[in-house]
Structure formats: structure tokens, C-alpha cells
Amino acid sequence: MYSDAELLHFITTEDPAEMEELFSAAREIRAGHYGKDVYFRGLIEFTNYCKNDCFYCGIRGSNKNVKRYRLSAEEILNCCRMGDLLGYKTFVLQGGEDPYFTDDRIVEIVQLIRKEYPDHAITLSIGEKSRQSYEAYFEAGANRYLLRHETANDDHYKKMHPEAMKLSERKECLYILKEIGYQVGAGFMVGSPFQTPECLLEDLRFLEDLKPHMAGIGPFIPQADTPFAHFRQGSLNQTLRMVALTRLLLPDALIPATTALGTIDPKGREKGLLSGANVVMPNLSPKAVRKLYALYDNKICTGDEAAECRLCMEGRIRGYGFEPKMVRGDHPSLQLVA
Ligand code: 5AD
Ligand code: FES
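The text that follows walks through the structure, step by step, so that each part is easy to find. (Residues numbered from 1 in each chain as written. Chains lettered and ligands numbered in written order. Predicted model: local features only at pLDDT ≥ 70, side-chain atom pairs only at ≥ 80, totals over all residues. Heavy atoms only, no water.)

## Focus: the packing of aromatic side chains
And then number 1: All told, the structure shown has 15 aromatic pairs when counted by the stated rule.
And then number 2: With 5.7 Å between their ring centres and 90° between their planes, Y34 and Y39 make a pair best called edge-to-face.
And then number 3: When the ring of F220 is compared with that of F228, the centres are 6.4 Å apart and the planes differ by 80°; the resulting orientation is edge-to-face. The two residues F220 and F228 agree in class, both being buried.
And then number 4: Three or more aromatic residues joined by ring pairs form one cluster here, namely F55, F194, F220, F228 and F231.
And then number 5: Residue placement shows K36 over the ring face of F322; its charged tip is 5.4 Å from the ring centre.
And then number 6: A cation sits over an aromatic face here: R105 above Y100, 3.9 Å from the ring centre. (Phe/Tyr/Trp six-rings, centres within 6.5 Å; stacked < 30°, edge-to-face > 60°. Buried < 20%, exposed > 50% of the residue type's maximum accessible area, 1.4 Å probe, protein only. Lys NZ or Arg CZ within 6 Å of the ring centre and 35° of its normal.)

This is the structure:
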């Protein structure tokens with residue numbers, strides 16, 4: 001459909017008229033599938049322990065300046081209860097790759113949530129696991145899985161991760177998750193160190209091949225205690241262009257206006273929605289641990305209660321003519337026909 005040259009052109013153009021053309025094309029496609037609706041997901045960041053050591057990430061295992069925390073099963077359930085009271089129909093459990101949370105523990109937590117909330121969507125975002133592990137979580141009642149591929153280019157991947165981490169394995173996880181029957185989210189950072197326009201082209205081609213149900217795209221933002229502390233953050237406009245291009249290539253995908261986008265620009269999430277995004281993920285984590293889940297510096301909403309974020313997002317969205325929807329918001333291919 002789109003040639004490499006066309007995509008590369010739009011990946012890089014800074015021409016205001018061309019960008020507006022791209023954003024409005026993305027808005028139109030999004031409107032065709034979702035109208036003005038914006039789906040809300042409640043994000044629960046339940047552990048900031050991580051055995052990995054990604055060079056960009058603030059909670060990398062070797063960062064000694066992080067105060068580590070884990071929520072208990074009961075604390076996680078309490079977040080879900082708060083989320084349910086606020087109207088959320090999707091809970092997203094995200095954490096570092098924390099060995100304490102064995103498969104048995106994850107299965108137990110998913111079962112507990114599933115028992116109390118039979119109709120809610122449960123999304124996991126806990127990294128690379130074996131097929132057997134993914135199957136066990138699915139059996140327990142998890143429906144969706146977020147695992148950003150981070151970059152689809154092998155050399156670039158190597159520059160952002162320690163040797164033990166392999167892009168091929170990460171990609172394999174995504175295909176396995178799809179096979180099992182999860183709604184799957186891939187995604188990448190924009191403006192990460194050593195990224196070239198060609199890398200971003202590969203990201204788009206990878207998304208076309210995988211056809212994930214969801215795609216999370218946010219700017220890289222340096223974190224002071226990481227090896228990438230002194231690199232520049234990703235650009236707002238390039239991130240918005242990547243959101244829009246992703247909407248063009250995956251017309252009915254669920255695409256969040258990410259917290260990272262809201263962090264680099266006060267209206268970043270709104271601009272994301274105007275560039276083709278249709279999901280927001282306000283935070284449900286207990287206020288006491290918010291600041292500790294610091295993947296990058298200056299993260300927004302770390303001082304706000306769950307209820308405040310819910311209201312704040314609703315106001316922001318309505319202000320731009322969008323309609324907040326507290327529904328499960330499954331991918332259209334999975335919605336039951338009435
Ligand atoms: N800047 C922006 N995004 C980051 N992530 C991790 N570290 C950073 C950073 N420094 C993103 C990764 C990961 C997601 C949970 O957060 O893409 O998949
Ligand atoms: Fe969290 Fe606005 S969304 S305070």
C-alpha cells in the first residue's frame with residue numbers, strides 16, 4: 001500500500017501542512033472505526049523490581065537509586081476495586097520482570113480478579129515469558145497482553161539492551177501471545193538513542209506483519225540514573241506522526257495517547273488523540289508508590305489520586321470534542337455481534 005519512500009517521507013517531514021494532512025487522515029480513519037469514543041483503561045503498576053537492564057529504563061535492575069516496591073495481591077485487588085468504583089472495565093497490570101511474581105503468583109492474582117470481576121478485561125504487561133507461562137495466565141482469565149517490541153531493528157535493539165536480551169525472542173513472544181488468543185499490544189519508543197528514520201520504517205513494517213490489536217507509541221524520555229541519561233528526548237511531532245502512520249497502517253487498532261506523550265507536552269495526550277489515538281490509560285496505582293515507577297524523568301500524574309486522574313482525563317477529552325467511554329473496549333475483531 002504505502003511505499004518505503006512514502007512512509008520515510010512522512011516519518012521525517014516537518015512541513016506543517018503535510019503534518020496536518022497526515023493527522024487529519026488518521027483522525028478520519030479513527031472516526032470511521034470508533035467515532036469520537038476514547039476508551040479508558042486503569043493502569044496498576046504493581047512492581048518496580050526488574051531483572052532486566054534496558055539502557056533507557058529507570059527501573060532497570062542495576063539502578064541502585066530506585067526504592068523498590070511490590071504490591072500484595074490484596075493491594076492489587078484494592079486498586080481494581082477502586083477502579084471498578086470509578087467505572088473502569090479494563091485493568092492493566094504492569095510491572096518490571098520481577099522473579100518474585102512467579103507464574104503461580106500471577107495466576108493466583110489473575111484468578112482473584114477474574115472471580116470478583118467476571119466481565120472486566122484483564123491486561124498483563126509483565127515482559128517476556130515462556131509459552132507455557134502465557135498459556136497459564138490466559139487460562140486463569142487474562143485477556144490481553146502488552147509487550148512493546150521497543151524497536152524492530154536488530155542493531156538498534158542491541159544498542160538499547162544488554163546482550164542477554166534478543167529482539168528475535170521478543171518478537172517470538174508477540175506471535176505466541178497472538179496464537180494463544182490474547183489481544184496483543186506491541187509498540188516502540190520514538191526518538192530513542194541511535195534510532196534512525198529507517199528504524200521507524202521497520203517498526204511500521206513489523207506492525208503490519210504482526211497486526212497487533214494494540215500499539216503503544218511514546219517518545220523516549222531520558223532518566224537521570226540510566227546510561228541514556230544524557231540523550232535527547234524524542235520529539236513531540238515525530239511521535240505524533242508515528243501515531244498517525246500507525247493508524248493508517250492498522251486502521252482499527254487500539255492506540256493509546258501515552259503518558260510519555262503527556263509528559264513531554266502539557267497537551268501531548270490530547271494531540272495524540274487528534275493524531276489518531278483512541279485510548280487513554282489513567283493511573284490506578286496507590287499514590288504512595290506512583291513516584292517510584294519512574295521509567296523516565298518528570299512523569300506526570302504521580303501526585304494525583306486515581307479519581308483525580310479519571311476526572312482530569314475526562315475533562316481534557318471532552319474539551320477536544322471526544323467522548324470518554326468506560327467500556328471494555330475490545331478490539332473490533334473480538335467484539336461479539338449482538
Ligand atoms: N522513555 C520513554 N519510555 C520508556 N519506557 C521505558 N523507559 C522509557 C523511557 N526512558 C517504555 C518502554 C516500555 C514501557 C513500559 O515504557 O517502551 O515498554
Ligand atoms: Fe492524571 Fe490529569 S490524567 S492528573
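## Describing helix α7 (residues 167-180)
And then number 1: Taking 1.5 Å of rise per residue, 14 residues should cover 20 Å, and α7 covers 20 Å from first to last C-alpha, within 8% of that figure.
And then number 2: For α7, the set of buried residues is L167, R170, C173, L174, I176, L177 and I180.
And then number 3: Against the buried residues of α7 lie α5 (131-140), β5 (144-146), α6 (154-160), β6 (183-190) and α8 (197-210). (Helix = DSSP H or I, 4+ residues; strand = E, 2+ residues; numbered from the N terminus. Expected span 1.5 Å × (residues − 1). Contact = heavy atoms within 4.5 Å.)

## A closer look at the layout of surface pockets
And then number 1: Quantified by volume, the largest pocket comes out at close to 200 Å³.
And then number 2: Around the largest pocket, the lining comprises 15 residues; the ones closest to its centre are G191, S192, Q195, G234 and Q238.
And then number 3: Grouping the amino acids of the lining of the largest pocket by side-chain chemistry returns six nonpolar, eight polar and one charged.
And then number 4: The computed volume of the second largest pocket comes to approximately 170 Å³.
And then number 5: Broken down by class, the residue content of the lining of the second largest pocket amounts to four nonpolar, one polar and six charged. (1 Å grid on protein atoms, 1.4 Å probe; cavity = no way out; pocket = protein on both sides within 12 Å on 5 of 7 lines; lining within 4 Å. Points joined across faces, edges and corners; volume = space filled by probe spheres on them. Nonpolar A, V, L, I, M, F, W, Y, C, P; charged D, E, K, R; others polar.)

## Some points on the pattern of salt bridges
And then number 1: Per the counting criterion, the structure on display carries 21 salt bridges.
And then number 2: The salt bridge partner of D98 is R70, with a shortest N-O separation of 2.8 Å. Pair noted here: D98 is in the loop between β3 (90-95) and α4 (103-116) and R70 is in the loop between β2 (42-47) and α3 (73-85), with a separation of 28 residues, a long-range link.
And then number 3: By relative accessible area, which is 33% here, R70 ends up partly exposed.
And then number 4: With a closest N to O distance of 3.1 Å, E179 and R131 form a salt bridge. Pair noted here: E179 is in helix α7 and R131 is in helix α5, with a separation of 48 residues, a long-range link.
And then number 5: What makes E179 exposed here is its relative accessible area of 58%.
And then number 6: Salt bridges here are not isolated pairs; linked through shared partners, they connect R310, E314, R318 and E323. (Salt bridge = Lys/Arg side-chain N within 4 Å of Asp/Glu carboxyl O.)

## Examining empty space enclosed by the protein
And then number 1: Taken as a whole, this structure holds two cavities of 30 Å³ or more when the rule is applied.
And then number 2: One number sums up the size of the second largest cavity: a volume of about 40 Å³.
And then number 3: As for the second largest cavity, its lining consists of F46, T47, G96, E97, D98, F101, I106, I126 and K129.
And then number 4: Tallied by class, residues from the lining of the second largest cavity come to four nonpolar, two polar and three charged.

## Section: the pairing of strand β7 (residues 214-219)
And then number 1: Across the six residues that make up β7, a large majority, six, are buried.
And then number 2: Here β7 shows a buried face lined by M214, G216 and G218 and a second buried face lined by A215, I217 and P219.
And then number 3: The parallel pair β6 and β7, bridged by α8, forms a crossover whose chirality is right-handed. (Right-handed = clockwise from strand over helix to strand, strands pointing away.)

## Here we look at unusual backbone geometry
And then number 1: If you check the backbone angles, N298 has positive phi at about 65° while not being a glycine.
And then number 2: Along the chain, the position of N298 falls in the loop between α12 (287-290) and α13 (306-319).
And then number 3: For C301, which is not a glycine, the phi torsion comes out positive at approximately 70°.
And then number 4: Here C301 lies in the loop between α12 and α13.

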